[in-house]
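# What the coordinates show
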Amino acid sequence: MDLSSVESFYRNKAILIPGGAGFIGSRLAKRLSDFGATVTVVDPLDPYCGGNLFNLHSCRAHIHVVHEKIETFIQKDGLKEFSFIFNCVGLSDHNLGFTHPDIDYRINCQSGIALVQKLAEGRLPIRILTIGSRSQYGRGSLNMVESDSQQPLDIQAVHKTILEHYHDVYNKFFGLDFLYFRLTNTYGPGQRMRGSGIGFVGEMI
């Protein structure tokens, strides 16, 4: 599918982006807004995550921003109006999970479980695309393929893998339409460059 086809596909679609003020979520919000989609960003700007409203400054006039946890938003507003959900909620600091596994679980897993549970309860035909991590595969080789077995490398990867299994089970029982992206060393505009958990590329820079 070429870019013009992608643009026409998303035009006028209602899209929800939990974690949309973060590095990856804000890039998606801007691009989808440019395509003519109706974009809603839900982000509580959790201090443990990378959410920053500055990331949305170039498209803020064209998107709706809600300062709430996704768990609160879905209970109050529901999800029926949306065609797609790009779930970008995530804690990027791999080390924090070892000292605060409860925080890592809350951000990387629990919020996503609440989202898929709500989709299942309403039998909503919404495609959900969720951000995972390459660390779900373990160390492995440089030539990883998607079908390689998952051997979580750290606490973050454990929680990302648990969430992915929730997606699988809800798909089997409720027909949940989902894709899961296990991303590797993501970097680019909007990337947090201070503090811990800034990623391999950020550390090298």
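Refer to the structure printed above.
Presented here is an overview of the structure given in this document. This is a predicted model, so every value here is computed, not measured. (Residues numbered from 1 in each chain as written. Predicted model: local features only at pLDDT ≥ 70, side-chain atom pairs only at ≥ 80, totals over all residues. Heavy atoms only, no water.)

Residues Val158, Ile162 and Tyr166 make up a contiguous nonpolar surface patch of roughly 210 Å² in combined accessible area. Looking at where Tyr166 falls in the secondary structure, it is placed in helix α6 (residues 155-174). (Patch = residues over 30% accessible without salt bridge, like charges linked within 9 Å, V, L, I, M, F, W, Y side chains within 5 Å. Areas by Shrake-Rupley, 256 points an atom, 1.4 Å probe, with all protein chains shown as cover. Salt bridge = Lys/Arg side-chain N within 4 Å of Asp/Glu carboxyl O. Helix = DSSP H or I, 4+ residues; strand = E, 2+ residues; numbered from the N terminus.)

Counted by the stated rule, this structure contains seven aromatic pairs. Ring geometry for Tyr10 versus Phe86: centroids 6.3 Å apart, planes at 55 degrees, classification tilted. In this pair, Tyr10 is assigned in helix α1 (residues 3-10) and Phe86 in strand β4 (residues 84-87), connecting sequence segments 76 residues apart. There is no split in this pair, since Tyr10 and Phe86 are both buried. Between the aromatic rings of Tyr166 and Tyr170, the centroid separation amounts to 6.3 Å while the plane-to-plane angle is 25 degrees, which identifies the pairing as stacked. Taken as a pair, Tyr166 and Tyr170 lie in helix α6 at a separation of four residues, close to a single helical turn. Residue classification places Tyr170 among the buried residues on the basis of a relative accessible area of 12%. Three or more aromatic residues joined by ring pairs form one cluster here, namely Phe9, Tyr10, Phe84 and Phe86. The side chain of Lys13 reaches across the aromatic face of Phe9, ending 4.7 Å from its centre. (Phe/Tyr/Trp six-rings, centres within 6.5 Å; stacked < 30°, edge-to-face > 60°. Buried < 20%, exposed > 50% of the residue type's maximum accessible area, 1.4 Å probe, protein only. Lys NZ or Arg CZ within 6 Å of the ring centre and 35° of its normal.)

Compared with an ideal rise of 1.5 Å per residue, which puts 12 residues at 16 Å, helix α2 (residues 23-34) spans 17 Å between its outermost C-alpha atoms and is within 8% of the ideal. Buried residues along α2 sit in contact with α1, β1 (14-18), β2 (38-42), β3 (63-66) and β4. One or two positions beyond α2, positive phi appears at Gly36, with a value near 100 degrees. (Expected span 1.5 Å × (residues − 1). Contact = heavy atoms within 4.5 Å.)

Function cannot be read off these values alone, since they describe shape.
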